[in-house]
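# Descriptive analysis of the structure
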Amino acid sequence: MGKVRSVLAAACLIVVTAVAGAAGADDLDAVRARRADLQGRLDAAAQRLADIEARAGELATERDALAQQLATFQTEIQAAAGRTQDRVRSLYKRGPVDPMIVMLTTEDPGEALERAAIVAGLVRDDRAVGEAAAARRVQTAAVASRLEERQAELDAAVAAQRGAWAGLQADLQEAAALERRLEEEARRRAEAEARRRAAQQASRRAAQQTRRRAAAASRAAAPAAAPAAAPRVAGAYACPVGQPRTFTDTWGAPRSGGRRHRGTDILAPYGTPIYAVTDGVVDIRSYGSSAGNWAIFRGANGDQYWYLHLQSWTVRDGARVRAGTQIGTNGDTGNARGTPHLHFERHPGGGGAVNPYSFLRRIC
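To start, this report covers the structure provided alongside it. Note that the structure is predicted; figures quoted are calculated from it, not measured. (Residues numbered from 1 in each chain as written. Predicted model: local features only at pLDDT ≥ 70, side-chain atom pairs only at ≥ 80, totals over all residues. Heavy atoms only, no water.)

### Comments concerning the pattern of salt bridges
- Counted under the stated rule, the structure contains nine salt bridges.
- With a shortest N-O distance of 2.2 Å, Glu184 and Arg187 are connected by a salt bridge. On the criterion of helical spacing, the pair formed by Glu184 and Arg187 is a turn pair, its members being three residues apart in helix 4 (residues 109-221).
- Where Glu193 meets Arg196, a salt bridge forms, and the shortest distance between an N and an O atom there is 2.3 Å. Note that Glu193 and Arg196 are positioned in helix 4 at a spacing of three residues, about one turn of the helix.
- Residue class for Glu193 comes out partly exposed when judged on its relative accessible area of 26%.
- Overall, Arg196 belongs to the partly exposed group, its relative accessible area being 38%.
- When salt bridges that share partners are traced, they join Glu184, Arg187, Arg188 and Glu191 into one network. (Salt bridge = Lys/Arg side-chain N within 4 Å of Asp/Glu carboxyl O. Helix = DSSP H or I, 4+ residues; strand = E, 2+ residues; numbered from the N terminus. Buried < 20%, exposed > 50% of the residue type's maximum accessible area, 1.4 Å probe, protein only.)

Structure below.
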């Protein structure tokens, strides 16, 4: 009985908060977690329902066995009663069955005593059979009553569990519908964001193409440049950019991404010659999204000089050149679009960059 009541209590406790309360939420992860929780509870409720129905089946089997046992008892009682009646009829055929009459009417004392004993035995047997039958009937009725009570409680438990299971199933369906709606909204937002970004990228590409065409048209319309003047050489060094040029001290100036400027930008028109700053080797590097066409010029004195944003090269990778030899042309490759200049860095001994401004003022 206690087990049945605990199952009933468990069934009644499976009451979940309606998912409609979350209908206004836009947290898809929370809705998915709620749906997973409901699914787990629904599975548990289904298992409990199966257990209760299985127990109901066991009780039905016990009830059927009890009914069969009761039928057997009744058959045995009827058989015993029939045997008793047969013996009584047999005695009646042989004479009176009352012990006193038997004693008075029978001439043979032995026969009288025998018949009296038989009668007394029959009376005792009838009484025992009746008492046993009555006891069996009471016992069987009590067990049958308990089985009926337990069956009624189990029927109630099954009904309650089915109701709880149906409620959980309805909540789960509502949660699944809400999840599908939020996923659809998220998909639409993602598609809209993707379209917006694609439009922005297309706009930027169009603007870049416009700037490139304008720059190309400007270069095409410009008068033919006079032969480049020889670079200025001061001792072992040559100014790395031809004329006209200009530069200021921008060392440490802020740059995008929290960076700081680690060189000097020498501004000059497109195509202005770019020279080897001293004797050394040109180490042309792979094209970079920020640096564009760039190289590390390894000076014979052990210092290194970085050249960034060149438009083109006039020497091959690994070329060994003298100070003032043209190695390329000025440009705006990498992140210098629209502002042609040479980003120039100086690394004494191949180490960290130092401010090259005073060095360039001296040699340019």
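### Quick word on the packing of aromatic side chains
- Within the structure shown, the criterion is met by seven aromatic pairs.
- Here Tyr305 and Phe344 contribute two aromatic rings whose centre-to-centre distance is 5.9 Å and whose plane-to-plane angle is 25°, an arrangement assigned as stacked. A residue pair is termed long-range when its members are at least 10 positions apart, and Tyr305 in strand 8 (residues 304-310) and Phe344 in strand 12 (residues 341-347) qualify at 39 residues.
- For Tyr305, a relative accessible area of 0% translates into the label buried.
- When its relative accessible area of 0% is taken as the criterion, Phe344 is described as buried.
- Residues Tyr305 and Phe359 carry aromatic rings whose centres are separated by 6.1 Å and whose planes lie at 20° to one another, so their mutual orientation is stacked. Of this pair, Tyr305 sits in strand 8 while Phe359 is found in helix 5 (residues 357-363), placing the two residues 54 residues apart along the sequence.
- Following the ring pairs from residue to residue traces out a cluster consisting of Tyr237, Phe297, Tyr305, Tyr307, Phe344 and Phe359.
- Over the ring of Trp251 we find Arg262; its NZ or CZ atom is 5.4 Å from the centre of that ring. (Phe/Tyr/Trp six-rings, centres within 6.5 Å; stacked < 30°, edge-to-face > 60°. Lys NZ or Arg CZ within 6 Å of the ring centre and 35° of its normal.)

### Comments concerning the state of the cysteines
- Under the definition given, this model contains one disulfide.
- Between the sulfur of Cys239 and that of Cys364 lies a disulfide, 2.0 Å long from S to S. The chirality of the disulfide connecting Cys239 with Cys364 is right-handed, given an S-S dihedral of about 95°. Of this pair, Cys239 sits in the loop between strand 2 (237-238) and strand 3 (246-247) while Cys364 sits in the segment after helix 5, placing them 125 residues apart in sequence.
- Overall, the relative accessible area of 1% leaves Cys239 in the buried class. (Disulfide = S-S within 2.5 Å.)

### Considerations on the layout of surface pockets
- Taken as a whole, the second largest pocket encloses approximately 310 Å³ of empty space.
- Looking at the second largest pocket, it is lined by 14 residues, and the ones nearest its centre are Arg259, His261, His309, Asn335 and His343.
- Contributions of two or more residues to the lining of the second largest pocket are made by strand 8 and strand 12.
- The leading source of residues in the lining of the second largest pocket is strand 12, at three residues.
- Broken down by class, the residue content of the lining of the second largest pocket amounts to two nonpolar, six polar and six charged. (1 Å grid on protein atoms, 1.4 Å probe; cavity = no way out; pocket = protein on both sides within 12 Å on 5 of 7 lines; lining within 4 Å. Points joined across faces, edges and corners; volume = space filled by probe spheres on them. Nonpolar A, V, L, I, M, F, W, Y, C, P; charged D, E, K, R; others polar.)

### Observations regarding the pairing of strand 8
- Burial runs high along strand 8: six of the seven residues are buried.
- Where strand 7 (residues 293-299) lies against strand 8, five bridges are found, and the strand directions are antiparallel. Bridged to Arg298 within strand 8 is Gln304.
- As consecutive antiparallel partners, strand 7 and strand 8 are separated by four residues, and within that stretch Gly302 has a phi angle of approximately 95°, a positive value.
- Pairing of strand 8 with strand 12, which is carried by five bridges, proceeds in the antiparallel orientation. Residue pairing in the sheet places Trp306 in a bridge with Glu345 of strand 12. (Pairing = 2+ DSSP bridges.)

### Observations regarding the pairing of strand 4 (residues 264-267)
- As judged from the two bridges shared by strand 3 and strand 4, these two strands associate in the antiparallel manner. When the sheet's bridge partners are listed, Phe247 is paired in strand 4 with Ile266.
- Here strand 4 pairs with strand 12 via four bridges, running antiparallel. Bridge pairing in strand 12 places Ile266 opposite Leu342.

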